[in-house]
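Analysis of the macromolecular model
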Amino acid sequence: MKYIDEFRDGDIARKIGARLAEEVQPARQYSFMEFCGGHTHAISRYGIAEMLPPNVRMVHGPGCPVCVLPIGRIDLAIKLALEFGVIVCTYGDTMRVPASNSLSLVKAKARGGDIRMVYSAADALEIARQNPEREVVFFAIGFETTTPPTALAIRDAQRAQLKNFSVLCCHVLTPSAITHILESPEVRQYGTVPIDGFVGPAHVSIVIGSQPYEHFSDEYRKPVVIAGFEPLDVMQAVLMLVRQVNEGRAEVENEFSRVVSREGNLQAQALVSEIFELRTTFEWRGLGEVPYSALKIRPSYAQFDAECRFDLRYQPVADNKACECGAILRGVKKPTDCKIFGTVCTPENPVGSCMVSSEGACAAHYSYGRFRDIPVVVESI
Amino acid sequence: MSPVKIAYIRPLDIRHGCIDMGHGAGGRAAAQLIEELFLAAFDNEFLRQGNDGAVFAPPALPPGARLVMATDGHVVSPLFFPGGDVGCLSVHGTVNDVAMSGATPLYLTASFILEEGYPLADLKRIVDSMAQASREAGVPIITGDTKVVERGKGDGVFISTTGLGVVAPGVDIAGSNARPGDVVLLSGTIGEHGVAVLSQRESLEFETTIESDTCALHTLVAAMLQAAPGGVRVLRDPTRGGLATTLNEVARQSRAGMMLQESAIPVLPEVDAACELLGLDPLYIANEGKLIAICAPEAADAVLAAMRDHPQGRAAARIGVVTEDAHHFVQMNTRFGGRRVVDWLSGEQLPRIC
Ligand code: SF4
């Protein structure tokens with residue numbers, strides 16, 4: 001644990017906090033988006049927002065793969081389980097995301113769907129091997145981090161000539177989502193995005209490298225600091241962003257250089273591009289249709305593509321009208337600006353996408369930070 | 001020597017046998033299972049009477065004493081895990097539920113729901129472990145029941161236990177008793193039970209030396225109550241939902257808030273590491289041998305000292321205070337220096353994917 005403790009040292013955190021307080025310019029507002037759910041989680045769990053100067057605001061972006069999964073996609077997985085009788089395997093978090101008709105994968109399971117929680121794509125493949133008489137579909141979600149293992153499972157399935165395994169591919173891409181946040185038509189509708197820079201994803205960047213972010217610093221003049229998921233990583237990244245803003249720089253910096261390189265993992269990238277190709281468009285929950293933001297399985301592997309195999313048709317399903325997720329994911333509004341936050345919409349009963357997993361902006365604020373909306377009496381023991 | 005020919009009685013084949021529907025049908029097979037397995041293991045005067053219920057004289061209760069009764073179903077999967085099994089768990093769980101009212105547990109009952117096809121050898125291990133736990137706790141199992149369900153309709157073995165105990169006069173322990181300014185004590189490190197069980201789950205199996213902390217806590221409770229009569233206001237064992245959920249329950253019942261100090265909450269490094277790996281938070285992981293106590297501020301030192309003097313409370317710690325808070329928030333100053341809400345667990349705690 002020593003390795004981890006080093007990145008959670010409260011004393012160092014306080015020192016970085018003090019330096020931040022010195023360096024921020026009091027007259028200025030800083031707002032930074034942490035794109036990745038892992039950062040949102042660290043910020044909430046360690047109470048980092050409390051340790052930043054009041055004029056530095058963190059905006060939770062759309063980087064939680066569960067939160068951005070649109071209802072229509074979960075409907076497809078449920079349909080596979082309940083109507084086609086296949087074994088649907090998926091990551092645990094996905095089980096609770098609300099779908100149409102008040103269903104979710106957990107509820108579909110209770111209705112008799114054979115839905116199993118797995119910890120990796122390889123586990124799903126193993127289930128297919130053990131049940132040769134059943135169709136097994138891996139409901140694959142996630143960003144660039146979880147994509148290579150899915151690609152590997154498909155390649156292994158092909159090599160083993162497995163006849164009963166396929167993948168419902170919902171893998172999405174980080175850079176396209178960031179671009180969309182910066183320049184989608186909604187930006188005009190919601191007003192200018194008040195984002196001064198990005199904390200870049202950790203695990204995603206191990207795979208794709210830091211290079212894809214150079215576009216944001218060059219084209220949009222937004223600084224990007226790639227950071228690890230430990231709380232000190234996040235604090236350090238915020239300090240680096242503040243410095244870039246103060247100095248008028250917009251560069252891609254790598255706080256996480258202990259693991260991330262400019263090129264990323266070329267082998268993983270090659271594997272992914274062998275199996276997958278870009279979708280021209282893909283619906284994100286909260287963001288709507290985002291061009292070139294997701295992957296689908298290449299035609300040469302079509303037999304492993306559940307969408308082809310079961311002739312699935314995607315049906316978009318609208319989010320609740322009261323939901324402000326779109327504005328929240330773009331940093332234009334705060335969770336508490338949503339009229340149904342914490343009353344109609346809670347983690348037990350999520351209405352919008354941001355309330356689904358603890359990495360979503362609304363759920364994170366509800367679960368970890370809502371005391372900040374209310375003054376508290378006792379400070380310490 | 002009995003006049004019955006040995007050859008006429010075929011004993012239960014515990015080594016190779018399985019539960020079949022006959023063991024639940026109330027006929028000879030059922031009687032044999034009860035006699036050769038359950039009675040042999042739990043043996044006591046009440047069971048020996050062989051009646052449907054246990055008849056006993058009520059304990060002599062001084063004025064002001066009260067009875068407490070608690071019941072609990074045990075459905076752990078897998079049934080065997082490092083440091084325990086569903087058998088000892090079913091005894092400890094109910095003894096602890098009784099003890100958390102500040103009571104001395106007296107008797108237990110046990111009901112078994114067995115799945116057709118379950119190996120008798122495994123059942124015997126479970127029953128023996130249960131018998132040992134009940135003997136060690138000094139709380140006999142005095143009546144019980146056995147039912148068999150068809151293959152596929154149960155998960156091997158389900159056990160329900162009910163416990164009866166006595167609360168001494170003057171002891172008033174309830175989840176609604178916490179008051180602002182009270183001190184929150186925890187009897188030891190958290191998360192071992194949940195992590196030990198997780199480590200055995202199919203598809204998750206990982207190597208670990210972590211063992212479940214399952215144990216009966218009534219002697220610890222007795223020592224604490226003795227150390228500061230009237231000073232302990234709330235007792236709870238943070239089982240399912242972990243420390244976080246338990247404290248939220250108490251906060252809501254008492255209409256108060258809490259402020260915890262993360263650095264004061266003891267967690268074994270191995271548990272921390274396993275949770276890190278699985279993306280889980282130790283605050284939400286189940287325990288089976290720990291308790292939290294909320295004490296009057298002036299009693300806290302004495303209670304803490306009594307806990308640390310007891311083998312089950314060596315690592316006891318003062319982890320927070322009860323606050324006045326109309327929203328009943330349980331909050332925590334993080335080790336990192338920030339502050340956060342420690343919320344109810346919503347749904348099941350599931351490993352994060354990224
Ligand atoms: S509170 Fe719920 S409905 Fe409102 S923006 Fe957040 S997730 Fe959407």
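For clarity, every value in this text was computed on a predicted model and none was experimentally measured. (Residues numbered from 1 in each chain as written. Chains lettered and ligands numbered in written order. Predicted model: local features only at pLDDT ≥ 70, side-chain atom pairs only at ≥ 80, totals over all residues. Heavy atoms only, no water.)

1. Remarks on the side chain of Asn177(B)
Residues and elements named next belong to chain B. Within the element layout of this structure, Asn177 appears in the loop between β6 (157–167) and β7 (183–186). Note on Asn177: relative accessible area 17%, which makes it buried. Looking at Asn177, its side chain comes within polar contact range of the main-chain oxygen of Asp172, at 3.1 Å. Residues within four places of Asn177 in sequence aside, it is in contact with Asp172, Asp182, Arg233, Val234 and Ser254. (Helix = DSSP H or I, 4+ residues; strand = E, 2+ residues; numbered from the N terminus. Buried < 20%, exposed > 50% of the residue type's maximum accessible area, 1.4 Å probe, protein only. Polar contact = N/O pair within 3.5 Å; in protein donor to acceptor, adjacent residues only side chain to side chain. Contact = heavy atoms within 4.5 Å.)

2. Observations concerning the packing of aromatic side chains
Think of a pair of aromatic rings as described by two things: how far the centres are apart, and how the planes are tilted against each other in angle. Residue and element names in this part refer to chain A. Counted under the stated rule, the structure contains 15 aromatic pairs over all chains. When the ring of Phe84 is compared with that of Phe310, the centres are 5.3 Å apart and the planes differ by 70°; the resulting orientation is edge-to-face. Placement of the pair is Phe84 in the loop between α4 (71–82) and β3 (87–91) and Phe310 in the loop between α14 (306–309) and α15 (325–329), with a sequence separation of 226 residues. With relative accessibility at 37%, the residue Phe84 sits in the partly exposed group. By way of ring pairs, the aromatic residues Phe198, Tyr213, Phe216 and Tyr220 are connected into one cluster. (Phe/Tyr/Trp six-rings, centres within 6.5 Å; stacked < 30°, edge-to-face > 60°.)

3. A short note on the pairing of strand β9 (residues 257–261) of chain B
Residue and element names in this part refer to chain B. Burial within β9 is extensive, with 5 of its 5 residues counted as buried. Because side chains alternate across β9, one face comprises the buried residues Gly257, Met259 and Gln261, and the other comprises Met258 and Leu260, equally buried. Bridge count for β9 against strand β11 (residues 317–323) is 4 bridges, and the pairing is antiparallel. Counterpart to Met259 in the pairing with β11 is Val321. In this sheet, strand β12 (residues 330–333) lies alongside β9 in parallel orientation, the contact comprising 4 bridges. Its bridge partner being in β12, Gln261 is matched across the sheet by Asn333. (Pairing = 2+ DSSP bridges.)

4. Structural notes on the domain arrangement of chain A
Residue and element names in this part refer to chain A. The domain boundaries assigned to chain A delineate domain 1 (29–319) and domain 2 (324–366). The C-alpha centroid of domain 2 is placed 18 Å from the C-alpha centroid of domain 1. Across the boundary between the two partners, domain 1 contributes 31 residues, which contact 21 residues of domain 2. Around 2,000 Å² of area is buried between domain 1 and domain 2 when both sides are counted, 60% of it from carbon and sulfur atoms. (Domains from an automatic or database assignment. Buried area = accessible area lost by both parts, 1.4 Å probe.)

5. Some details on helix α16 (residues 361–369) of chain A
With 9 of its 9 residues buried, α16(A) lies for the most part within the structure. Turning to α16(A), its buried residues are Ala361(A), Cys362(A), Ala363(A), Ala364(A), His365(A), Tyr366(A), Ser367(A), Tyr368(A) and Gly369(A). Buried residues in α16(A) make contact with α3 (37–45), β2 (56–63) and α15 of chain A together with β13 (339–341) of chain B.

6. Some remarks on the site of the ligand
Neighbouring residues of the ligand: Cys323(A), Glu324(A), Cys325(A), Ile328(A), Cys338(A), Ile340(A), Phe341(A), Cys345(A), Gly352(A), Cys354(A), Met355(A) and Cys362(A). Broken down by class, the residue content of the shell around the ligand amounts to 10 nonpolar, 1 polar and 1 charged. (Near = heavy atom within 4 Å. Nonpolar A, V, L, I, M, F, W, Y, C, P; charged D, E, K, R; others polar.)

7. Quick look at the UniProt feature "domain: PurM-like N-terminal" (unreviewed entry) in chain B
Look at the UniProt record and you will see "domain: PurM-like N-terminal" (unreviewed entry) annotated at residues 50–167 of chain B. As annotated, residues 50–167 of chain B comprises 27% helix and 39% strand, and the C-alpha atoms at either end are separated by 29 Å. (UniProt positions renumbered as here; feature names shortened; annotations may be inferred.)

8. Brief notes about the domain arrangement of chain B
Residues and elements named next belong to chain B. Per the domain assignment, the segments of chain B are domain 1 (21–167) and domain 2 (183–341). Spacing between the C-alpha centres of domain 1 and domain 2 amounts to 27 Å. Each side of the interface is counted separately: domain 1 has 21 residues, and domain 2 has 21 residues. Together domain 1 and domain 2 conceal approximately 1,600 Å² of surface at their shared face, both sides included; 65% is due to carbon and sulfur atoms.

9. Details of the sheet that holds strand β1 (residues 30–36) of chain A
All names here are of chain A. A sheet is described by the order of its strands in space; here 5 strands give the open sequence β2-β1-β7-β8-β9, paired in parallel fashion. The open sheet terminates on both sides in strands that have one partner only, identified here as β2 and β9 (252–254). Neighbour-to-neighbour, the strand axes of the sheet open up by a mean angle of 25°, direction not taken into account. Relative to strand β7 (residues 197–200), β1 runs parallel, the two sharing 3 bridges. Looking across to β7, one finds that Glu34 is bridged to Val199. Along the sheet face, α3 touches β1, β2 and β7 and points at about 120° away from the line of β1. (Axes fitted to C-alpha atoms, helices over the stretch in contact; angles between N-to-C directions.)

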